[in-house]
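The residues making up each chain are set out below.
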Amino acid sequence: MSPSPTGALRHSGSLFALALDVLRTLPRRPFQTREFIQQAWFVASVTILPTALVSIPFGAVIALQIGSLTRQLGAQSFAGAASVLAVLREASPIVTALLIAGAGGTAICADLGARKIREEIDAMQVLGIDPIHRLVVPRVLASMVVAVLLNGLVSVVGVAGGYFFNVVLQNGTPGAYLASFTTLAQLSDLWAAELKALVFGAIAGIVASYKGLTAKGGPKGVGDAVNQSVVITFMLLFVTNFVMTAVYFQVVPQRG
């Protein structure tokens, strides 16, 4: 049976309401420090290695494509600047978001979904414990912090991979590649990428938590919730990335 428009609208409203509840509960004390540290370590442990491995081919493909294009145009000296700009602005936040949603988000959704079908969430509510304050907020904050840190890792690895493929495989000049970093890129690009990663981490954590808390139907329902959380997160990430990029280009003057 296909989902009805009213059902999709209801789920969208519930997701937005959960995001508001997380924002409202954020300053509440006591802060769940132990849960936050455990979740941050867990999310980082399942995403660091895949993120580093995925960022290498991203940087390599960008370097190869841009290196070939700049060579055809006779602008080899701008290969480093264009590669850094592409990795810094778009590749690193997107790779970070996909890995946070695909690895960390699925684990968060599965954990909360298992608690839901075992009625642990209902038991917490009966005991007067707010599951959003106790479980959701630490996981969302962990996703945000790890996403920001992973974005820096992807930027470094992607630029290093682009340097290797441009210099070694395309016979580029190391000095020209390094010297052209600041030709087009600027510090605001890094801050914009970090802000994107922060927002993407929040979206991944909130969507995963929502689907986990609303899971039903036993283990099969948890599996379906995990799959749905990944799809919904990917769709929201690409839409959010487009909006944030468009706003950034309108607000920040670009070098040329």
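Chains are numbered independently. Their residues run from 1 in the order of the written sequence. Per-residue local features are limited, in this predicted model, to residues with pLDDT of at least 70; the limit for side-chain atom pairs, both in listing and counting, is 80 or more; totals at the level of whole chains, interfaces and linings are taken over all residues. Hydrogen atoms and water are omitted, and side-chain values are computed over all heavy atoms in the structure.

(A) Main features of the nonpolar core. As used here, the term nonpolar core means buried Ala, Val, Leu, Ile, Met, Phe, Trp, Tyr and Cys residues forming a set that is joined through side-chain atoms within 4.5 Å. When accessible area is computed with a 1.4 Å probe and restricted to protein chains, residues below 20% of their type maximum are described as buried, those above 50% as exposed, and intermediate ones as partly exposed. Counting 41 residues, the largest nonpolar core has Val22, Ile100 and Val146 as the members making the most contacts within it. Only DSSP runs of H or I covering at least 4 residues are called helices, and only runs of E covering at least 2 are called strands; the numbering of each starts at the N terminus. Those elements giving two or more residues to this core turn out to be α1 (5-25), α2 (33-73), α3 (79-117), α4 (120-126), α5 (131-169), α8 (187-213) and α9 (218-251). Among the elements that make up this core, the one with the highest residue count is α5 (eleven residues). The contact definition used throughout considers only heavy atoms, calling two residues in contact when any of these lie within 4.5 Å. Setting aside its immediate chain neighbours within four residues, Ile100 contacts Val43, Thr47, Gly105, Ser143, Val146, Ala147, Leu150, Gly201 and Ala204. Formed by eight residues, the second largest nonpolar core is a distinct cluster that contains Ile62, Val84, Leu85 and Val159.

(B) Summary view of the pattern of salt bridges. Here, a salt bridge means any side-chain nitrogen of Lys or Arg that lies within 4 Å of a carboxyl oxygen of Asp or Glu. On inspection of all chains with the given rule, the structure shows ten salt bridges. Notably, a salt bridge pairs Glu120 with Arg118, separated by 2.8 Å at the nearest N-O pair. The partly exposed category is assigned to Glu120, whose relative accessible area is 28%. For Asp224, the salt bridge goes to Lys220, with nearest N and O atoms at 3.1 Å. Of this pair, Asp224 and Lys220 both sit in helix α9, four residues apart, roughly one helical turn. Exposure remark for Asp224: the relative accessible area of 30% places this residue in the partly exposed category. In this structure, a network of salt bridges that share partners links the residues Glu35, Asp111, Arg115, Arg118, Glu120, Arg134 and Arg139.

(C) Spatial organisation of α5. One fewer than the residue count of a helix, multiplied by 1.5 Å, yields its expected span. Between its first and last C-alpha atoms α5 spans 53 Å; for 39 residues at 1.5 Å apiece the expected length is 57 Å, and the two agree. The largest bend along α5 reaches roughly 30 degrees and is located at Val137, with the proline Pro138 sitting one to four residues downstream. Two or three places before Ile132, at the start of α5, stands the capping residue Asp130, its side-chain oxygen 3.2 Å from that residue's backbone nitrogen. To obtain the bend at a residue, axes are fitted to the seven residues ending there and to the seven starting there, and the angle between these axes is taken. Two N or O atoms form a polar contact when they lie within 3.5 Å of each other; inside protein one atom must be a possible hydrogen donor and the other a possible acceptor, and for residues adjacent in sequence the pair counts only when both atoms belong to side chains.

(D) Representation of the layout of surface pockets. Of the voids in this model, the second largest pocket is the one considered here, and its volume is about 350 Å³. If you list the elements that add at least two residues to the lining of the second largest pocket, you get α1, α5, α8 and α9. No other element matches the seven residues that α1 contributes to the lining of the second largest pocket. As a working rule, the residues Ala, Val, Leu, Ile, Met, Phe, Trp, Tyr, Cys and Pro are called nonpolar, Asp, Glu, Lys and Arg charged, and the rest polar, with Gly in that last group. Its residues placed into classes, the lining of the second largest pocket shows 17 nonpolar, two polar and no charged. Method remark: on a 1 Å grid restricted to protein atoms, a set of points is classed as a cavity if a 1.4 Å probe fits but cannot get out and as a pocket if it is open with protein on both sides within 12 Å along at least five of seven lines; lining residues have an atom within 4 Å of a point. Grid points are joined across faces, edges and corners, and a volume is the space filled by probe spheres set on the points.

(E) Local environment of the side chain of Gln39. Within the secondary structure, Gln39 sits in helix α2. Under the relative-accessibility criterion, Gln39 is labelled buried at 10%. Apart from residues lying up to four places away in sequence, Gln39 is in contact with Pro138, Arg139 and Ala142.

(F) Empty space enclosed by the protein, seen in detail. In total, this model carries one cavity of 30 Å³ or more according to the counting rule given. Computed from the structure, the largest cavity encloses a volume of approximately 70 Å³. Lining of the largest cavity is provided by Leu88, Arg89, Glu90, Asp189, Ala192, Ala193, Lys196, Thr245, Tyr248 and Phe249. Sorting the residues of the lining of the largest cavity by element identifies α3, α8 and α9 as the ones contributing at least two each. The leading source of residues in the lining of the largest cavity is α8, at four residues. Here the residues of the lining of the largest cavity are counted per class, giving five nonpolar, one polar and four charged.

(G) Focus on the packing of α8 against α9. Contact geometry for α8 and α9: axes closest at 9 Å, N-to-C directions at 155 degrees. Considered as vectors, α8 and α9 are oriented roughly antiparallel to each other. For the crossing formed where α8 meets α9, the hand is right-handed. Every residue of α9 that contacts α8 at Ser188, Asp189, Ala192, Leu195, Lys196, Val199, Phe200, Ile203, Ala204, Val207, Ala208 and Lys211 is listed here: Ala225, Gln228, Ser229, Ile232, Thr233, Leu236, Leu237, Thr240, Asn241, Met244, Thr245 and Tyr248. Here the contact of α8 with α9 is built from residues that sort into 14 nonpolar, seven polar and three charged. Axis definition: a line fit to C-alpha positions, over the contact stretch in the case of helices; interaxial angles, taken between N-to-C directions, run 0 to 180 degrees. Roughly parallel here means an angle under 35 degrees, roughly antiparallel means over 145, roughly perpendicular means 65 to 115, and every remaining angle is called oblique. Should the near helix be turned counterclockwise from the far one by less than a right angle, the crossing is left-handed, whereas a clockwise turn marks it as right-handed.

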